[in-house]
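# Structural characterization, general
If you want the building blocks of each chain, they are given just below.
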Amino acid sequence: MAGLVAKKCITPLVVMRRITSPEYTVQAAYHKKVVDHYENPRNVGSLDKTSKNVGTGLVGAPACGDVMKLQIEVDDQGKIVDARFKTFGCGSAIASSSLVTEWVKGKSINEALTIKNTDIAKELSLPPVKLHCSMLAEDAIKAALNDYRLKQQDGKIEAVKVSN
């Protein structure tokens, strides 16, 4: 039986390939934290993108085709109270998105900006070939926070227009 054999139908995560005889089985697998976030992703979904308290970041990596949407909801005190993601990509991209939603909750906007791709990669034990996934997650945080800040500025401009 030549070719690829998938374990638990998770082709992107665990793939076995048979090598010529004698039959050896080689298994290439992600770290258990990546598998956990992939199989049990946290905070999948969307928030109301029209809400002034929700920032949306949509980023992509043309080289590999990964696309990540991260949304954050910020309360009146400037704390991130909720985060959601939708990601089209490999297990590392999904795991990076899932991890980031857990990390940003409860942080202030400035604290969330201190999350770096190196921290994400280290936590998930990403190999060098998958570092772009952690970079994408960091970019998604920055994009979502930037969108939130723009909405806050637009609200202030609208308030000035109304008062004039």
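Everything quoted here is computed from the prediction, not taken from an experiment.

### Points about the overall build of the protein
From N to C terminus, the protein includes 5 helices and 6 strands. Helices and strands in the protein line up, N terminus first, as β-β-β-α-β-β-β-α-α-α-α. Every one of the 164 residues in the protein was classed for burial, and the buried ones make up 38%. By element, 56% of the accessible surface of the protein is carried by carbon and sulfur atoms, the whole surface being about 9500 Å².

### Quick notes on the state of the cysteines
A complete count under the given rule lists 0 disulfides for this structure. Unpaired in this structure, Cys90 has its nearest cysteine sulfur neighbour in Cys133, at a distance of 3.6 Å. Judged by its relative accessible area of 15%, Cys90 falls in the buried class.

### Considering the pattern of salt bridges
A complete count under the given rule lists 9 salt bridges for this structure. Between Lys142 and Glu138 there is a salt bridge whose closest N-O contact spans 3.0 Å. Of this pair, Lys142 and Glu138 both sit in helix α5 (residues 131-163), 4 residues apart, which is roughly one turn of the helix. The exposure class assigned to Glu138 is buried, which follows from its relative accessible area of 7%. It is possible to trace a salt-bridge network through shared partners that takes in Asp36, Arg42 and Glu102.

### What about helix α4 (residues 117-124)?
Those residues of α4 lying buried are Asn117, Ile120, Ala121 and Leu124. The arc enclosing the buried residues of α4, seen along the axis, measures out at 95°, which places them on a common side. Along α4, exposed side chains directed more than 90 degrees from the buried face belong to Thr118 and Lys122. At the C-terminal side of α4, Ser125 shows a positive phi close to 55°.

### Describing the environment of Ala121
The topology assignment puts Ala121 in helix α4. Given the relative accessible area of 9%, Ala121 is considered buried. Separated by 25 residues in sequence, Ala121 and Ser96 place their C-alpha atoms 8.0 Å apart. Excluding residues that lie within four positions of it along the chain, Ala121 makes contacts with Leu126, Leu131 and Ser134.

### Structural notes on the environment of Gly57
Structurally, Gly57 is set in strand β4 (residues 54-61). On a C-alpha basis, the gap between Gly57 and Asn146 in space is 8.0 Å, while along the polypeptide they are 89 residues apart. The residues touching Gly57, leaving out its near neighbours within four places in the chain, are Met68, Lys69, Leu70, Ala140, Ala143 and Ala144.

### Description of the packing of helix α1 (residues 32-39) against helix α2 (residues 91-104)
Where α1 contacts α2, the axes come no closer than 8 Å and their chain directions differ by 80°. One element, α1, and the other, α2, form an angle in the roughly perpendicular class. Two secondary-structure elements touch here, α1 through Val34, His37 and Tyr38 and α2 through Gly91, Ser92, Ile94, Ala95, Ser98, Leu99 and Glu102. Residue classes in the contact of α1 with α2 are distributed as 5 nonpolar, 4 polar and 1 charged.

### A short note on unusual backbone geometry
Although it is not a glycine, Asn43 adopts a positive phi angle of roughly 65°. Tracing the backbone shows Asn43 in the loop between α1 and β4. Here Ser125, not a glycine, exhibits a phi torsion of approximately 55°, which is positive. You can call Ser125 partly exposed: its relative accessible area is 38%.

Analysis parameters
Residues numbered from 1 in each chain as written. Predicted model: local features only at pLDDT ≥ 70, side-chain atom pairs only at ≥ 80, totals over all residues. Heavy atoms only, no water. Helix = DSSP H or I, 4+ residues; strand = E, 2+ residues; numbered from the N terminus. Buried < 20%, exposed > 50% of the residue type's maximum accessible area, 1.4 Å probe, protein only. Areas by Shrake-Rupley, 256 points an atom, 1.4 Å probe, with all protein chains shown as cover. Disulfide = S-S within 2.5 Å. Salt bridge = Lys/Arg side-chain N within 4 Å of Asp/Glu carboxyl O. Arc of directions from axis to C-beta. Contact = heavy atoms within 4.5 Å. Axes fitted to C-alpha atoms, helices over the stretch in contact; angles between N-to-C directions. Parallel < 35°, antiparallel > 145°, perpendicular 65-115°, else oblique. Nonpolar A, V, L, I, M, F, W, Y, C, P; charged D, E, K, R; others polar.

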